[in-house]
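Listed below are the residues making up each chain.
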Amino acid sequence: MTRALLPLPVVVPLLGAALTLLLTRRPRLQRSVSVVGLAATLAVAVVLLVEAYRHGPVVVQVGGWPAPVGIVLVADQLAALMLVVSSAVTLCVLLYSIGQGRGETSESAPVSIYHPTYLVLTAGVTNAFLAGDLFNLFVGFEILLAASFVLITLGGTETRIRTGSTYVVVSILSSMIFLAAVGLVYAATGTLNMAQLAGRLDGLPDGVRLALQLMLLLAFAIKAAVFPVSAWLPDSYPTAPAPVTAVFAGLLTKVGVYAIIRTETLLFPGGQVSALLMVVAGLTMLVGVLGAVAQSDMKRLFSFTLVSHIGYMIFGVALSTVAGLSGAIFYVVHHITIQTTLFLVAGLVEERAGSTDLRRLGGLARVAPLLAVLFFVPAMNLAGIPPFSGFLGKLGLLQAGVAAGGLLPGVLVAAGALTSLLTLYAASRVWNIAFWRAPRLATSSPTVRLPALMVGATTALVVFGVALTLAAGPLFRVTADAAADLRARTPYVRAVLPEGAP
């Protein structure tokens with residue numbers, strides 16, 4: 001019965017997109033279809049996570065064609081956990097955007113375009129998480145990227161078109177690299193099924209195997225905004241509408257991180273590029289957070305912290321240990337939630353004050369105390385203040401680095417601690433300027449009221465972030481089990497190829 005549910009996280013959003021496209025003249029029905037579709041996706045994701053945790057990976061051979069010939073969908077603990085978190089986030093952002101649609105003009109958030117595209121984006125994300133072969137993973141990326149091209153330019157302003165063009169060019173470049181890597185992998189091994197590749201890639205000459213690994217890593221690093229291929233992100237994300245920026249920040253880069261985790265553990269175990277990953281992880285953390293410290297706009301500042309904290313996840317992958325992978329997975333879950341929340345808060349600030357430029361803000365804690373709380377909690381969480389999940393995730397990664405020993409892990413531990421302190425400085429600076437200092441002209445009007453649905457959706461994500469702290473023990477058990485399965489590889493391979501395959 002559970003296996004029958006596995007395609008639904010992909011199928012339901014696609015069907016919802018088609019239905020909302022037919023309902024372009026019925027915006028209320030559009031909203032209802034979108035909300036019900038994403039709520040159903042979340043419910044299915046929870047069931048899949050419970051099943052994967054109790055009984056191992058859930059596998060479906062699409063069309064009845066057995067692997068490795070046919071397309072296979074796989075929900076192991078890692079994929080199912082990503083499905084749950086991403087579905088919860090996309091549902092909250094959708095509710096936020098519905099509230100914003102009532103508060104903004106249709107030019108900046110055209111409902112007839114937004115809902116079908118948003119659901120297609122969701123289908124692309126879920127397909128990428130469930131993909132059991134490299135080409136289907138490529139398809140998932142292309143689905144979500146095609147939708148993101150539309151979403152990032154909503155409204156058609158000059159700024160959005162210009163920055164969106166940069167995003168499109170970079171995305172197409174990474175997709176070309178990925179597609180070339182897929183072709184070379186097939187030429188070298190005769191298969192794209194990841195369970196089968198786990199055995200065949202081990203038999204390739206070391207040079208060929210390393211070249212394929214580096215090509216895939218480069219493609220995913222661009223999508224995940226890993227330094228030095230991260231410069232596109234801070235210029236592209238801040239100009240999009242607030243809910244679009246939020247879902248991009250929370251999910252799109254994490255799909256790239258997920259692909260790195262999946263391929264580095266299943267296809268290329270052994271840590272051949274661990275030293276390289278550690279170097280880029282440290283540079284990503286430090287360069288990103290230094291960029292954040294220098295910003296005077298909330299959205300750009302959060303965009304740089306987004307880049308910076310990707311470094312923590314890459315650090316966990318680079319360690320190639322169960323503890324490191326567990327910490328990386330936990331941090332992905334934490335960061336999806338918190339980074340999305342902060343961008344939604346930035347949208348509320350813009351709604352309330354008319355700007356996210358810190359030079360024009362002030363006194364928000366006095367005129368909008370609830371908004372101040374909604375910022376303060378996730379900001380401290382992102383900075384890693386105890387006892388929030390950000391602190392627990394960073395602590396797990398730093399402990400894994402110390403346990404690994406050696407010069408590079410030690411340097412990365414120091415870089416991670418420094419990054420956390422600088423993140424706290426950047427968050428405190430936003431708090432002191434935008435919320436605490438004397439009111440400025442932009443925030444002095446008491447007549448602006450924030451739409452209740454926008455505030456409610458943001459509050460739900462803040463509560464979800466706090467819940468991650470309260471449920472950190474069980475969540476760490478799930479991530480530790482997922483990491484152990486990733487390191488072992490056999491649970492995944494046996495679930496997909498129970499009869500074995502050459």
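So, here's what we can say about the structure. Quantities reported herein were computed from a predicted structural model and do not represent experimental measurements.

1. Examining the environment of Leu217
Next up, step 1: Examined against the element boundaries, Leu217 turns out to sit in helix 9 (residues 206-224).
Next up, step 2: Sequence separation between Leu217 and Phe178 is 39 residues; the distance between their C-alpha atoms is 8.9 Å.
Next up, step 3: Those residues in contact with Leu217 that sit more than four places away from it in its chain are Ile260, Glu264, Val273 and Leu277.

2. Structural notes on the nonpolar core
It is characteristic of soluble globular proteins that their nonpolar side chains tend to be buried jointly.
Next up, step 1: Counting residues in hydrophobic clusters, the biggest one holds 177 residues, and the most contacted among them are Leu134, Phe248, Phe375 and Phe435.
Next up, step 2: Sort the elements by how many residues they give to this core and helix 14 (residues 322-353) lands first, with 17 residues.
Next up, step 3: Leave out the neighbours within four places in its chain, and Leu134 touches Phe178, Val182, Val185, Leu192, Met194, Leu197, Leu216, Thr263 and Leu267.

3. Describing the packing of helix 17 (residues 389-404) against helix 18 (residues 407-436)
Next up, step 1: Close contact between helix 17 and helix 18 brings their axes to 8 Å; oriented N to C, the two are set at 160°. If you check the angle between helix 17 and helix 18, you find them roughly antiparallel. The two elements helix 17 and helix 18 cross, and the hand of that crossing is left-handed. Of the residues in helix 18, those touching helix 17 at Lys394, Leu398, Gly401, Val402 and Ala404 are Pro409, Val413, Gly416 and Ser420.
Next up, step 2: Tallied by class, residues from the contact of helix 17 with helix 18 come to 5 nonpolar, 3 polar and 1 charged.

4. Focus: unusual backbone geometry
Next up, step 1: At the junction of Phe227 and Pro228, the peptide bond is cis and its omega measures out at 10° in the coordinates.
Next up, step 2: Structurally, Pro228 is set in the loop between helix 9 and helix 10 (232-236).
Next up, step 3: Cis peptide bonds are those with omega within 30 degrees of zero, and the linkage from Pro386 to Pro387 qualifies with 0°.
Next up, step 4: Its place among the elements puts Pro387 in the loop between helix 16 (369-383) and helix 17.
Next up, step 5: At Ser320, a residue that is not glycine, the phi angle is positive and equals roughly 60°.

5. Focus on helix 12 (residues 274-293)
Next up, step 1: A rise of 1.5 Å per residue sets the reference length of helix 12, with its 20 residues, at 28 Å; its end C-alpha atoms lie 29 Å apart and thus fit the reference within 8%.
Next up, step 2: Looking only at helix 12, the buried set comprises Ser274, Leu277, Met278, Val280, Ala281, Gly282, Thr284, Met285, Gly288, Val289, Gly291 and Ala292.
Next up, step 3: The secondary structure elements touched by the buried residues of helix 12 are helix 9, helix 11 (242-267), helix 13 (298-319) and helix 18.

6. Some words on a nonpolar patch on the surface
Next up, step 1: Together, Leu210, Leu214 and Leu276 line one region of the surface with nonpolar side chains, adding up to about 220 Å² of accessible area.
Next up, step 2: Within the element layout of this structure, Leu210 appears in helix 9.

7. Focus on helix 2 (residues 8-22)
Next up, step 1: Here helix 2 spans 21 Å end to end across 15 residues, near enough to the 21 Å set by a 1.5 Å rise per residue.
Next up, step 2: Looking at helix 2, one finds that the buried residues are Pro9, Val10, Pro13, Gly16, Ala17 and Thr20. Looking straight down helix 2, one finds its buried side chains confined to an arc of 140°; they lie on one side. Within helix 2, the exposed residues directed more than 90 degrees away from the buried face are Leu15 and Leu22.

8. Re the packing of helix 16 against helix 18
Next up, step 1: At a minimum axis separation of 8 Å, helix 16 and helix 18 run at an interaxial angle of 165°. Considering their axes alone, helix 16 and helix 18 lie roughly antiparallel with respect to each other. Crossing geometry of helix 16 relative to helix 18 is assigned as left-handed. Facing helix 16, whose interface residues are Leu371, Ala372, Phe375, Phe376, Ala379, Met380, Leu382 and Ala383, helix 18 presents Ser420, Thr423, Leu424, Ala427, Val430, Trp431 and Phe435.
Next up, step 2: Classifying every residue of the contact of helix 16 with helix 18 gives 13 nonpolar, 2 polar and no charged.

9. Comments concerning the pairing of strand 2 (residues 72-75)
The side chains of a regular strand alternate between the sheet's two faces.
Next up, step 1: Side chains of strand 2 alternate between two faces, with Val72 and Val74 and Leu73 and Ala75 buried alike.
Next up, step 2: Bridging between strand 1 (residues 58-61) and strand 2 involves 4 bridges; their strand directions are antiparallel. Following the sheet pairing, Val60 is matched in strand 2 by Leu73.

10. Things to note about empty space enclosed by the protein
The probe, sized like a water molecule, is rolled over the atoms to show the empty space still left.
Next up, step 1: Following the criterion strictly, the structure yields 4 cavities of 30 Å³ or more and no others.
Next up, step 2: Empty space within the largest cavity amounts to approximately 110 Å³.
Next up, step 3: Top contributing element to the lining of the largest cavity by residue count: helix 7 (residues 158-189), with 4 residues.
Next up, step 4: Empty space within the second largest cavity amounts to approximately 80 Å³.
Next up, step 5: Around the second largest cavity, the lining residues are Pro57, Asp76, Arg262, Leu266, Asp485, Leu486, Arg489, Pro491 and Tyr492.

11. Some thoughts on the pattern of salt bridges
Any two side chains of opposite charge can pair, given that their charged atoms come close.
Next up, step 1: Per the counting criterion, the structure on display carries 6 salt bridges.
Next up, step 2: Ionic pairing is found between Asp76 and Arg262, a salt bridge with its closest N-O pair at 2.7 Å. A residue pair is termed long-range when its members are at least 10 positions apart, and Asp76 in the loop between strand 2 and helix 4 (77-103) and Arg262 in helix 11 qualify at 186 residues. The same class applies to Asp76 as to Arg262, namely buried.
Next up, step 3: For Lys299, the salt bridge identified is with Glu350, shortest N-O distance 3.0 Å. Residue Lys299 is found in helix 13, and its partner Glu350 is found in helix 14; the two are separated by 51 residues along the sequence.

The rules we used
- Residues numbered from 1 in each chain as written.
- Predicted model: local features only at pLDDT ≥ 70, side-chain atom pairs only at ≥ 80, totals over all residues.
- Heavy atoms only, no water.
- Helix = DSSP H or I, 4+ residues; strand = E, 2+ residues; numbered from the N terminus.
- Contact = heavy atoms within 4.5 Å.
- Core = buried A, V, L, I, M, F, W, Y, C linked by side-chain atoms within 4.5 Å.
- Buried < 20%, exposed > 50% of the residue type's maximum accessible area, 1.4 Å probe, protein only.
- Axes fitted to C-alpha atoms, helices over the stretch in contact; angles between N-to-C directions.
- Parallel < 35°, antiparallel > 145°, perpendicular 65-115°, else oblique.
- Left-handed = near helix turned anticlockwise from the far one by under 90°.
- Nonpolar A, V, L, I, M, F, W, Y, C, P; charged D, E, K, R; others polar.
- Expected span 1.5 Å × (residues − 1).
- Patch = residues over 30% accessible without salt bridge, like charges linked within 9 Å, V, L, I, M, F, W, Y side chains within 5 Å.
- Areas by Shrake-Rupley, 256 points an atom, 1.4 Å probe, with all protein chains shown as cover.
- Salt bridge = Lys/Arg side-chain N within 4 Å of Asp/Glu carboxyl O.
- Arc of directions from axis to C-beta.
- Pairing = 2+ DSSP bridges.
- 1 Å grid on protein atoms, 1.4 Å probe; cavity = no way out; pocket = protein on both sides within 12 Å on 5 of 7 lines; lining within 4 Å.
- Points joined across faces, edges and corners; volume = space filled by probe spheres on them.

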